[in-house]
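As a plain string of letters, each chain reads:
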Amino acid sequence: MIYDVTMPIHQDMQVYKNKEEKKPKISYHLQTTPHAISETNVFLPMHTGTHMDFPRHMDANGQTSTGFDATTFLNKNVIVLECLDAKDRLELKHIEGVSFQKGDAVFFKTRNSFENAFNPEFIYVSLELAKKLAESQLLAVGIDALGIERNDVMHQTHLTLMNQGIYIIEGLRLKDVPQG
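Residues numbered from 1 in each chain as written. Predicted model: local features only at pLDDT ≥ 70, side-chain atom pairs only at ≥ 80, totals over all residues. Heavy atoms only, no water.

### Details of the sheet that holds strand β6 (residues 105-109)
For step 1, the next point in the chain: Within the open sheet, the five strands sit side by side as β3-β9-β8-β6-β4. Their pairing is mixed. Pairing within the sheet leaves two strands with one partner each, and these edge strands are β3 (51-53) and β4 (78-82). When strand polarity is set aside, the average angle formed by the axes of neighbouring strands in this sheet is 20°.
For step 2, the next point in the chain: Pairing geometry for strand β8 (residues 140-143) and strand β9 (residues 167-170), over three bridges, is parallel. Residue pairing for β9: valine 141 is matched across the bridge by isoleucine 168. (Pairing = 2+ DSSP bridges. Helix = DSSP H or I, 4+ residues; strand = E, 2+ residues; numbered from the N terminus. Axes fitted to C-alpha atoms, helices over the stretch in contact; angles between N-to-C directions.)

Structure below.
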């Protein structure tokens, strides 16, 4: 089964911390002479909607999206873990009994998937969980929030995963995706 787990992009969409400068700007221009010519312009911050954080996000010398091979994710095992009981953050207990294989992608489904507006109290990945996930040689860790951590000025969760070469995917929409 194939699921679209991306957030629709529009001018009034949910953005991180409801910051106006993070919203996409879409403009439409119609020229009528000498004949009808239309043009649409889009300004789209790199962290709009469902997105992947590249190491450059946290490291001035880190990899950027330039040259990234999108086939990296083709035919990879994606594990969706339903964690609707998470109250504040995802913790070690949310992966108890789950075995990961090298190269798996793990997506966390929380109450975030059911919210259409930015919630400053979104569910995030705890540092302890990030450390455990970093040991698993995963390809990616994804979450249905616009951030994988909340209120950590040192961005330890990002760095813990990125330092192990694990891609971070934020803003997933997992509402209709079953566990498994």
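Anyway, onward from the coordinates.
### Quick word on the pattern of salt bridges
For step 1, the next point in the chain: In total, this model carries nine salt bridges according to the counting rule given.
For step 2, the next point in the chain: For glutamate 20, the salt bridge is made with lysine 23, and the minimal N-O distance between the two is 3.9 Å.
For step 3, the next point in the chain: Shared partners join several salt bridges into a network, and the residues in it are Asp88, Arg89, Glu91, Glu121 and Arg150. (Salt bridge = Lys/Arg side-chain N within 4 Å of Asp/Glu carboxyl O.)

### A closer look at the layout of surface pockets
For step 1, the next point in the chain: Space inside the largest pocket adds up to approximately 540 Å³.
For step 2, the next point in the chain: In terms of lining residues, the largest pocket is bounded by 21 residues, among which Tyr3, Val5, Phe73, Val78 and Phe107 are the most central.
For step 3, the next point in the chain: Looking at the lining of the largest pocket, the elements with two or more residues in it are β3, β4 and β6.
For step 4, the next point in the chain: In terms of residue class, the lining of the largest pocket is built from 16 nonpolar, four polar and one charged. (1 Å grid on protein atoms, 1.4 Å probe; cavity = no way out; pocket = protein on both sides within 12 Å on 5 of 7 lines; lining within 4 Å. Points joined across faces, edges and corners; volume = space filled by probe spheres on them. Nonpolar A, V, L, I, M, F, W, Y, C, P; charged D, E, K, R; others polar.)

### Here's the deal with the environment of asparagine 77
For step 1, the next point in the chain: Take asparagine 77: it is sitting in the loop between β3 and β4.
For step 2, the next point in the chain: Accessibility expressed as a relative area gives 44% for asparagine 77, which makes it partly exposed.
For step 3, the next point in the chain: Taking the C-alpha atoms as reference points, asparagine 77 and leucine 138, separated by 61 residues in sequence, lie 10 Å from one another.
For step 4, the next point in the chain: Beyond its immediate chain neighbours, meaning those up to four positions away, asparagine 77 contacts Asp104 and Ala105.
For step 5, the next point in the chain: A distance of 3.1 Å separates a polar atom in the side chain of asparagine 77 from a polar atom in the side chain of aspartate 104. (Buried < 20%, exposed > 50% of the residue type's maximum accessible area, 1.4 Å probe, protein only. Contact = heavy atoms within 4.5 Å. Polar contact = N/O pair within 3.5 Å; in protein donor to acceptor, adjacent residues only side chain to side chain.)

### Digging into the packing of aromatic side chains
Each aromatic ring pair is summarised here by two numbers: the centre-to-centre distance and the angle between the ring planes.
For step 1, the next point in the chain: Inspection of the entire model under this criterion finds eight aromatic pairs.
For step 2, the next point in the chain: When the centroid spacing of 5.6 Å and the interplanar angle of 70° are considered together, the rings of tyrosine 16 and phenylalanine 118 count as edge-to-face. A residue pair is termed long-range when its members are at least 10 positions apart, and tyrosine 16 in the segment before β1 (25-31) and phenylalanine 118 in the loop between β6 and β7 (124-125) qualify at 102 residues.
For step 3, the next point in the chain: Exposure remark for tyrosine 16: the relative accessible area of 24% places this residue in the partly exposed category.
For step 4, the next point in the chain: Members of the aromatic cluster, connected to one another through ring pairs, are Phe54, Phe68, Phe73 and Tyr167.
For step 5, the next point in the chain: Here arginine 150 stacks its cationic end above the ring of phenylalanine 122, 5.8 Å away from the centre of that ring. (Phe/Tyr/Trp six-rings, centres within 6.5 Å; stacked < 30°, edge-to-face > 60°. Lys NZ or Arg CZ within 6 Å of the ring centre and 35° of its normal.)

### Quick look at the nonpolar core
For step 1, the next point in the chain: Among the nonpolar cores identified, the biggest contains 31 residues, and Leu81, Leu90, Phe100, Phe108, Leu133, Val141 and Leu161 are the most heavily contacted of them.
For step 2, the next point in the chain: Sorting the residues of this core by element identifies β4, β6, β7, α1 (127-134), β8 and α2 (156-162) as the ones contributing at least two each.
For step 3, the next point in the chain: With residues near it in sequence (within four places) discarded, leucine 90 still touches Cys83, Phe108, Thr110, Ile123, Tyr124, Val125, Ser126, Leu129 and Ile143.
For step 4, the next point in the chain: Counting 13 residues, the second largest nonpolar core, distinct from the first, contains Val5, Val80, Ile169 and Val177. (Core = buried A, V, L, I, M, F, W, Y, C linked by side-chain atoms within 4.5 Å.)

### Concerning unusual backbone geometry
For residues that are not glycine, phi is negative in most cases, and the peptide bond is trans in most cases.
For step 1, the next point in the chain: Geometrically, the link from threonine 33 to proline 34 is a cis peptide bond, its omega value of 5° lying close to zero.
For step 2, the next point in the chain: With respect to the helices and strands, proline 34 occurs in the loop between β1 and β2 (37-43).
For step 3, the next point in the chain: One non-glycine residue, lysine 17, lies in positive phi territory at about 55°.
For step 4, the next point in the chain: Mapped onto the elements, lysine 17 comes out in the segment before β1.

So, to be careful, I would describe these as geometric facts and stop short of saying anything about function.
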